[in-house]
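# Residue-level structure breakdown
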Amino acid sequence: DGGITQSPKYLFRKEGQNVTLSCEQNLNHDAMYWYRQDPGQGLRLIYYSQIVNDFQKGDIAEGYSVSREKKESFPLTVTSAQKNPTAFYLCASSPLGLAGGRAYEQYFGPGTRLTVT
Amino acid sequence: GEDVEQSLFLSVREGDSSVINCTYTDSSSTYLYWYKQEPGAGLQLLTYIFSNMDMKQDQRLTVLLNKKDKHLSLRIADTQTGDSAIYFCAEDNNAGNMLTFGGGTRLMVKP
C-alpha cells in the first residue's frame, strides 16, 4: 500500500531534549511538508522541501530543523530552542515539486502527538 | 498576505444538510480545497474546485465558489454521524506549490 507514515503516534520528552519525528512516503512524491497543529487551531507550516537536499523555512521554523537526504524521508527535529513544542505534528507530501499546472493535492500522514514536560 | 477564515463550529441533526463557509483573500489562487480531519488523525482531501468554476458536485458534497466575494462553501447533503469531523478549507498560492489553511470548522452531527 502506498502512503505516508509517521512514527511514533505519541511521543513524550523532557524539556531541554531534542527529539526527531519520522516521516516516510512511498508515493514517489517530490514535495514534503511539516505542519504544526495546536488545539482548536489550523495548520501552520514549519518547513517544506520540494527536492532532495533542499528545503525552505515555513512560517514558524524557529526551534526546528529538517533534512532531506532521500526522496522518501523528511525527518523533523524539535530542538530545545523551541519554546512551546507540545503539539500535534503533521507531515504531508505532494506530487508537485517545482512543476505546476494541476490541482495541488497534499496527502497527509496520521500525525505525531508530541508532549514535552 | 494570504488569509483564510472559517467559523469555528457547526452543529446539525442527522439527515439535515450542513453548510460550511470559508472566506479567503488571495485572488490569484488557482484551486481551492476542502479537507476533513477526524479525531487524532491526519487530513484527508475531500474535494477541490478550479478557481474559474462556480460549482462542483461530488456525490453528497457540493462546493460553491463566489470568486467576486472570495467566498467558498461546502454543502454536505444528508449529513451522517460519520461526517462529524473538522473541515478545513485551503487555497493554493499563485505558484501552485503551497497551501494556506483556514482554522477549521468542527462539525458535530446529532443523532
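Residues numbered from 1 in each chain as written. Chains lettered and ligands numbered in written order. Predicted model: local features only at pLDDT ≥ 70, side-chain atom pairs only at ≥ 80, totals over all residues. Heavy atoms only, no water.

Before going further, it helps to spend a moment on the overall build of chain A. Of the regular secondary structure elements, chain A holds zero helices and 11 strands. Going residue by residue from the N terminus, the α and β elements of chain A occur as β-β-β-β-β-β-β-β-β-β-β. For 117 residues, the compact-globule estimate of 2.2 N^0.38 gives 13 Å, and the C-alpha radius of gyration of chain A, at 14 Å, lies within 12% of that figure. Projected onto its principal axes, the C-alpha coordinates of chain A cover approximately 45 × 30 × 30 Å. If you take every contact in chain A between residues at least 6 apart in sequence, the share linking residues at least 24 apart comes to 54%. Here chain A has roughly 5700 Å² of accessible surface; of this, 47% comes from carbon and sulfur atoms. In chain A, which carries 12 positive and 11 negative side-chain charges, the distance between the mean positions of the two groups comes to 6 Å. (Helix = DSSP H or I, 4+ residues; strand = E, 2+ residues; numbered from the N terminus. Rg over C-alpha atoms; globule rule 2.2 N^0.38 Å. Contact = heavy atoms within 4.5 Å. Areas by Shrake-Rupley, 256 points an atom, 1.4 Å probe, with all protein chains shown as cover. Lys, Arg positive; Asp, Glu negative; His and termini not counted. Charge placed at Lys NZ, Arg CZ, Asp CG, Glu CD.)

What follows deals with the pairing of strand S1 (residues 4-7) of chain A. Residues and elements named next belong to chain A. Judged by which residues are buried, S1 turns out to be one-sided: Ile4 and Gln6 face inward and are buried, whereas Thr5 and Ser7, on the alternate face, are not. The pairing of S1 with strand S3 (residues 19-25) spans four bridges and is antiparallel. From the neighbouring strand, isoleucine 4 faces S3, where its bridge partner is glutamine 25. (Buried < 20%, exposed > 50% of the residue type's maximum accessible area, 1.4 Å probe, protein only. Pairing = 2+ DSSP bridges.)

To continue, consider the interface of chain B and chain A. Across the contact, 20 residues belong to chain B and 23 residues belong to chain A. Counting the surface lost from both chain B and chain A, the interface buries some 1600 Å², and carbon and sulfur atoms represent 58% of this. Between chain B and chain A we count zero salt bridges in total. For the pair chain B and chain A, the interface holds four residue pairs in polar contact (both at pLDDT 80 or more). Taken together, the elements giving at least two residues each to the side of chain B that touches chain A come down to strand S4 (31-37), strand S5 (43-50), strand S9 (85-92) and strand S10 (99-101) of chain B. If you tally residues by element for the side of chain B that touches chain A, the top one is S4 of chain B, at four residues. A breakdown of the residues in the side of chain B that touches chain A according to their chemical character gives 12 nonpolar, seven polar and one charged. (Buried area = accessible area lost by both parts, 1.4 Å probe. Salt bridge = Lys/Arg side-chain N within 4 Å of Asp/Glu carboxyl O. Polar contact = N/O pair within 3.5 Å; in protein donor to acceptor, adjacent residues only side chain to side chain. Nonpolar A, V, L, I, M, F, W, Y, C, P; charged D, E, K, R; others polar.)

Its place among the elements puts glutamine 37 of chain A in strand S4 (residues 31-37). When neighbours within four sequence positions are excluded, glutamine 37 of chain A is seen to be in contact with Gly42, Leu43, Ala87, Phe88 and Leu90 of chain A together with Gln37 and Phe88 of chain B.

Residues and elements named next belong to chain B. A contiguous nonpolar surface patch, about 320 Å² in accessible area, is contributed by Leu8, Phe9 and Met108. Counting through the fold element by element, leucine 8 comes out in the loop between strand S1 (4-6) and strand S2 (9-13). What makes leucine 8 exposed here is its relative accessible area of 60%. (Patch = residues over 30% accessible without salt bridge, like charges linked within 9 Å, V, L, I, M, F, W, Y side chains within 5 Å.)

Let us look at the sheet that holds strand S6 (residues 55-58) of chain B. Hydrogen bonds along the backbone pair up the strands of a sheet, which may run parallel or antiparallel. Residues and elements named next belong to chain B. Read from one edge to the other, the open sheet built from five strands follows the order S1-S3-S8-S7-S6, with strand pairing classed as antiparallel. Only two strands of the sheet have a single neighbouring strand rather than two, namely S1 and S6. Neighbour to neighbour, the strand axes of the sheet diverge by 15° on average, direction disregarded. Here strand S3 (residues 18-24) runs beside strand S8 (residues 71-76); their pairing, made up of six bridges, is antiparallel. Across the sheet, isoleucine 20 pairs through a bridge with leucine 74, a residue of S8. (Axes fitted to C-alpha atoms, helices over the stretch in contact; angles between N-to-C directions.)

This part is about the state of the cysteines. Residues and elements named next belong to chain B. Per the counting criterion, the structure on display carries two disulfides over all chains. For cysteine 22, the disulfide goes to cysteine 89, at an S-S distance of 1.9 Å. The disulfide joining cysteine 22 to cysteine 89 has a torsion of about 70° about its S-S bond and is therefore right-handed. On the criterion of sequence distance, the pair formed by cysteine 22 in strand S3 and cysteine 89 in strand S9 is long-range, its members being 67 residues apart. Side by side, cysteine 22 and cysteine 89 carry an identical accessibility label, which is buried. (Disulfide = S-S within 2.5 Å.)

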